[in-house]
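# Structure assessment
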Amino acid sequence: MAAPWQDVLRDAAAVREAAAVAVDAALLAGVLMRTGEQPNASDVVNYAPFTLLPSAVPRALFEQAYAVQQDFNLLVDAISQNKEFLEQTLASTIKVDDFTARLFRIYMQVLEEGLAQTVFLGINRSDYMFDCGLDGAAALRQIEINTIAASFGGLTSRTADVHKLVLKVLGKSEEASHLLPNNPAKGLALGIAKAWELYGSQRAVVMFLVENIQRNIFDQRCVEIELWNRNIRVIRKRFRDVFEQGSLDGCRRLYMDGQEVAVVYYREGYVPQTYDQQNWEARLLLERSRAVKCPDIATQLAGTKKVQQELSRPGTLEKLLPGHPQAIARIRATFAGLYSLDEGEEGDRMAATAIADPDRFVLKPQREGGGNNLYGEELRQVLEKIKDSPERTSYILMDKIKPQPALNYLLRAHSPLQVSECISELGIFGVYVRQGRELVLNQAAGHLLRTKAIEHADGGVAAGVAVLDTPYLV
Ligand code: ADP
Ligand code: MG
């Protein structure tokens, strides 16, 4: 499964030269991030971290990941409309996890009032690793599906060109010609534009709901610019702005300082730290509104780790997607082992199994954004501590995926150029739009490959662990 440039990795002079070209090409292509020192200004920026070379990805697994994306879109959309399933699945979690409980309360509140929203837009990213079996064969295993604020669809649209150039500099022109074009930003914008159009008001704007600290603004700008190119107005606001300027009219149309909002695209709102009392109020206001939320709160809940674990139970997919046996088979083929830690015999048994053999598992709380999972000795200690308390229920347990590492250079500003043993995670972007009961758009919108050194168990690009990459299909 190795890429055909292992020879190059050992040629220090060639690597140095290629890395210098790579960094300049990345800056020219717009593979950019703001700096940690000035996260809210674009006066001084840097390149977003990326690999010197593309990483090998088995073609069959890459195609499998694309082929199942529409099925996952369908599934997430179905879960978001299934109150009974969400209620039952999250019942144990919301007793112990305050953040999920607060999201759930808003969900119930907007359902009780009756939904004003009639157009639904989902943008998700299903992430996978390539599990290496005992026979050496790799299998596609889903890590998670992100149903809110799935990022890097913009910057990754620009990495393939950088890697193409690097391969040419290294004398690999033939290989360079095989790198695939990839433009998730365009696909994401297509979905947002469709939702905006169905909302049906020319004057209304698309609102990007953004963080207070906006280091990754260029990734978002890629999508924003696609919308401006379609003559759709975009505004960028924070939860606090919504609290201060947001209002609903009698038909629950959403206004920001008098400007009607057709689509709210959340790039924020998935971690508890975002929310103080005022921001919770802002979130409720948005959810009650007629505006198309991407995602609505039900779809955010559909992306919780607890829901993911429940999906792997025999019979659950059949209940959620009746009449779709082939979609179910494709979805199930990507699942890793997932286990409930709810109170009871099953949870007791799994907790004991994981304590006895922690390296087989990952322990996951209901959190997003990287850096929250527990591994190895830490997993064992935490489970040991909470194994007899209800707190156990706020976690799920997952089989640890063990990919085959490969050598690469991770280019990061102010870091020395050194070879690392790396593993990669493939994400496929999905976009869908539903009007009432009818799905009017359902697509895979492109891919993202992120690569990290094996010494880090966890963490994404924004967390400073993984870097952007380009798949080289083998
Ligand atoms: P988050 O919502 O924080 O992104 P993830 O489930 O994606 O949570 O986990 C974060 C990271 O932890 C992943 O990007 C991956 O590197 C690692 N990870 C998660 N689950 C597994 C697993 N089952 N096996 C190996 N590594 C995993
Ligand atoms: Mg993740």
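Residues numbered from 1 in each chain as written. Chains lettered and ligands numbered in written order. Predicted model: local features only at pLDDT ≥ 70, side-chain atom pairs only at ≥ 80, totals over all residues. Heavy atoms only, no water.

As named in an unreviewed UniProt entry, the chain is Glutathione synthetase, taken from Pardalotus punctatus. Word for word, the UniProt comment on the chain under Sequence similarities (unreviewed entry) is "Belongs to the eukaryotic GSH synthase family." (UniProt positions renumbered as here; feature names shortened; annotations may be inferred.)

### A short note on the packing of helix H4 (residues 69–80) against helix H16 (residues 325–332)
Close contact between H4 and H16 brings their axes to 9 Å; oriented N to C, the two are set at 105 degrees. The angle between H4 and H16 places the two elements in the roughly perpendicular class. Contacts between H4 and H16 involve Asp71, Phe72 and Leu75 from the first element and Ala327, Arg330 and Ile331 from the second. Among the residues forming the contact of H4 with H16, the class breakdown is 4 nonpolar, no polar and 2 charged. (Axes fitted to C-alpha atoms, helices over the stretch in contact; angles between N-to-C directions. Helix = DSSP H or I, 4+ residues; strand = E, 2+ residues; numbered from the N terminus. Parallel < 35°, antiparallel > 145°, perpendicular 65-115°, else oblique. Contact = heavy atoms within 4.5 Å. Nonpolar A, V, L, I, M, F, W, Y, C, P; charged D, E, K, R; others polar.)

### Digging into the side chain of Thr159
Mapped onto the elements, Thr159 comes out in helix H7 (residues 159–169). Given the relative accessible area of 3%, Thr159 is considered buried. A polar side-chain atom of Thr159 sits 3.1 Å from the main-chain carbonyl oxygen of Thr156. Apart from the residues lying within four places of it in its own chain, the contact partners of Thr159 are Val31, Leu468, Asp469 and Thr470. (Buried < 20%, exposed > 50% of the residue type's maximum accessible area, 1.4 Å probe, protein only. Polar contact = N/O pair within 3.5 Å; in protein donor to acceptor, adjacent residues only side chain to side chain.)

### So, unusual backbone geometry
The linkage connecting Cys294 with the following residue, Pro295, adopts the cis geometry, with an omega of 0 degrees. Tracing the backbone through its elements, the reader meets Pro295 in the loop between strand E12 (292–294) and helix H13 (297–302). Unlike most non-glycine residues, Phe152 shows phi in positive territory, near 75 degrees. Within the fold, Phe152 resides in the loop between strand E6 (138–146) and H7. Overall, Phe152 belongs to the buried group, its relative accessible area being 3%.

### What to know about the site of ligand 1
Lining the immediate surroundings of ligand 1 are 21 residues, of which Lys305, Lys364, Gly370, Glu425 and Lys452 lie closest. Gly370 places a main-chain nitrogen or oxygen 2.6 Å from an oxygen atom of ligand 1. If you list the elements that add at least two residues to the shell around ligand 1, you get E6, strand E14 (361–365) and strand E16 (395–399). There are two domains that each give the shell around ligand 1 at least three residues, and those are domain 1 (66–154 + 180–328 + 420–473) and domain 2 (337–400). (Near = heavy atom within 4 Å. Domains from an automatic or database assignment.)

### Points about the sheet that holds E16
With respect to topology, 4 strands assemble into an open sheet ordered E13-E16-E14-E15, the strand pairing being antiparallel. Looking along the sheet, the strands with just one partner apiece sit at the ends: strand E13 (338–340) and strand E15 (374–375). Strand direction decides the pairing type here: E13 and E16, joined by 3 bridges, are antiparallel. Residue Tyr339 lies in a different strand from E16, and its bridge partner there is Leu397. (Pairing = 2+ DSSP bridges.)

### Some thoughts on the pairing of strand E18 (residues 419–435)
With 14 of 17 residues buried, E18 lies mostly within the body of the structure. Pairing geometry for strand E5 (residues 119–132) and E18, over 10 bridges, is antiparallel. Note on E18: the bridge partner recorded for Ile123 is Val431. Looking at chain direction, E18 and strand E19 (residues 438–453) are connected through 14 bridges and run antiparallel. Within the sheet, the bridge partner assigned to Gly427 lies in E19 and is Leu448. As consecutive antiparallel partners, E18 and E19 are separated by 2 residues, and within that stretch Gly436 has a phi angle of approximately 60 degrees, a positive value.

### A few points about the pattern of salt bridges
A full pass over the atoms with the stated rule returns 31 salt bridges. Residue Glu224 pairs with Arg221 through a salt bridge whose shortest N-O separation is 2.7 Å. Here Glu224 pairs with Arg221, and both are found in helix H10 (residues 217–229), just 3 residues apart, close to one helical turn. Its relative accessible area of 5% is what places Glu224 among the buried residues. A salt bridge links Asp249 to Arg253, with the shortest nitrogen-to-oxygen separation between them at 2.9 Å. Its relative accessible area of 23% is what places Asp249 among the partly exposed residues. Judged by relative accessible area, which is 28%, Arg253 ranks as partly exposed. (Salt bridge = Lys/Arg side-chain N within 4 Å of Asp/Glu carboxyl O.)

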